[in-house]
Amino acid sequence: MRTIAPGVEISPMGLGTWSWGNQFLWGYEESMDPELQQVYNLVVSSGINFFDTADSYGTGKLDGKSEQLLGKFAGEYPGSERVRSNLHVATKFAAYPWRVLPGSIVSAARASARRLGVDAISLGQLHWSAANYAPLQELGMRAGLAQCYEQGVVRAVGVSNYGPRQLKDIHRDLAKRGVPLATAQIQFSLLSRGRDQLLAKEVCDELGVTLISYSPLALGLLSGKYGEGNLPSGPRGGLFKSLLPEVAPLLQVLDAIATERRKTMSQVAINWCMCKGTVPIPGAKDLAQAKENLGALGWRLSAGEVAELDAVASGLKKGMIQNIFQTS
């Protein structure tokens, strides 16, 4: 377990719930909810106590659906009260253009808490920085995040999609108010390990901030389940088609290590993130994916295996496209 704030200890791997409510990219339908509840129960009973969501997760009329489902599933979890009391949700507050004043972030956090069914959110995060295009809004959002902590709406604060420079900047701003920056969340995987990601990791280590790695499987590309004749539907299909020829050497090494370890490629890719000192938050749309993700726990890649993966990944000319909201 990793302590990110007093009373907030999280498992070495979490569960990301971006797909819960997202129809456009992940094909969510409300008929999936019963199996998603089984996914939740399975991972909690297997030792996972950390879930990542956002107030913007859910498309159209399903806005906030991911938070609602997490609140419902936590309330109906059949385990003991001791287990339920140790479940932690990290949610993110979107930098919508109307969220300019500090109070708008506090209001967003209170709304998220209601959807999650909690008195205080374990970890509240700014979803992305507005510093590059609306610096005054960014100042208001940072002040609002600090107020969430000061008013007890959140137990710890973090950021998402902040690069190395912005991480140092907001860490300094929050420290002036006595608010510790607990976490930073970035796209981090074997296909997202460029200069900015590695610098962000160095800054986190320097500041004592836990790095949360989202999309550790590169939207599923690192799972080994897709090929040029077997592409996912939707926007991922075109992206994977363009990347597969370039990333083939990495997939081959992943497959070889997975075979030797009697693991899957997904499990190796997730374990690599943990070996790098991050907390990965892979998603799961069904029980099969959840069970596979859990297989990344309880073992560790050797230093030689990590070095081999690093070497082939660093030699690729193309990697996963980066989030447009990622700052430097």
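Colleague: Help me get a handle on the packing of aromatic side chains, residues and values and all.
Modeller: Tallied over the full model, the rule gives seven aromatic pairs. On the basis of an interplanar angle of 75 degrees and a centroid distance of 6.5 Å, the ring pair of Tyr-40 and Tyr-77 is categorised as edge-to-face. Of the two residues, Tyr-40 is situated in helix α2 (residues 33-45) and Tyr-77 in the loop between α3 (65-76) and α4 (81-84); the sequence distance between them amounts to 37 residues. One exposure class covers both Tyr-40 and Tyr-77, and it is buried. Cluster of aromatic residues (ring-pair linked, three or more members): Trp-20, Tyr-40, Phe-51, Phe-73 and Tyr-77.

Colleague: Lay out the pattern of salt bridges with the relevant residues and their values.
Modeller: Enumeration according to the criterion identifies 18 salt bridges in this entry. With a closest N to O distance of 2.3 Å, Asp-169 and Arg-172 form a salt bridge. Taken together, the residues span about one helical turn, with Asp-169 and Arg-172 both in helix α7 (residues 164-176) at a distance of three residues. Note on Asp-169: relative accessible area 24%, which makes it partly exposed. A residue is classified by how much of its surface remains accessible, and Arg-172, at 42% relative accessible area, is partly exposed. Put simply, Arg-193 and Asp-310 hold a salt bridge, and the shortest N to O gap is 3.9 Å. Taken together, the positions of Arg-193 in the loop between β8 (181-187) and α8 (195-207) and Asp-310 in helix α12 (residues 303-314) put the pair 117 residues apart, joining distant regions of the chain. The class for Arg-193 is buried, based on a relative accessible area of 17%. The class of Asp-310 is buried, set by a relative accessible area of 15%.

Colleague: Before we move on, can you summarise α3 with the specific residues and values?
Modeller: In this model α3 runs 16 Å from its N-terminal to its C-terminal C-alpha over twelve residues, within 8% of the 16 Å that 1.5 Å per residue would give. Within α3, the full set of buried residues consists of Lys-65, Ser-66, Glu-67, Leu-69, Leu-70, Gly-71 and Phe-73. Structurally, α3 contributes buried residues whose contacts are with α2, β4 (50-52), β5 (88-93) and α5 (102-116).

Reading the values: rules and limits
Residues numbered from 1 in each chain as written. Predicted model: local features only at pLDDT ≥ 70, side-chain atom pairs only at ≥ 80, totals over all residues. Heavy atoms only, no water. Phe/Tyr/Trp six-rings, centres within 6.5 Å; stacked < 30°, edge-to-face > 60°. Helix = DSSP H or I, 4+ residues; strand = E, 2+ residues; numbered from the N terminus. Buried < 20%, exposed > 50% of the residue type's maximum accessible area, 1.4 Å probe, protein only. Salt bridge = Lys/Arg side-chain N within 4 Å of Asp/Glu carboxyl O. Expected span 1.5 Å × (residues − 1). Contact = heavy atoms within 4.5 Å.

Just geometry here; none of it tells us what the structure is for.
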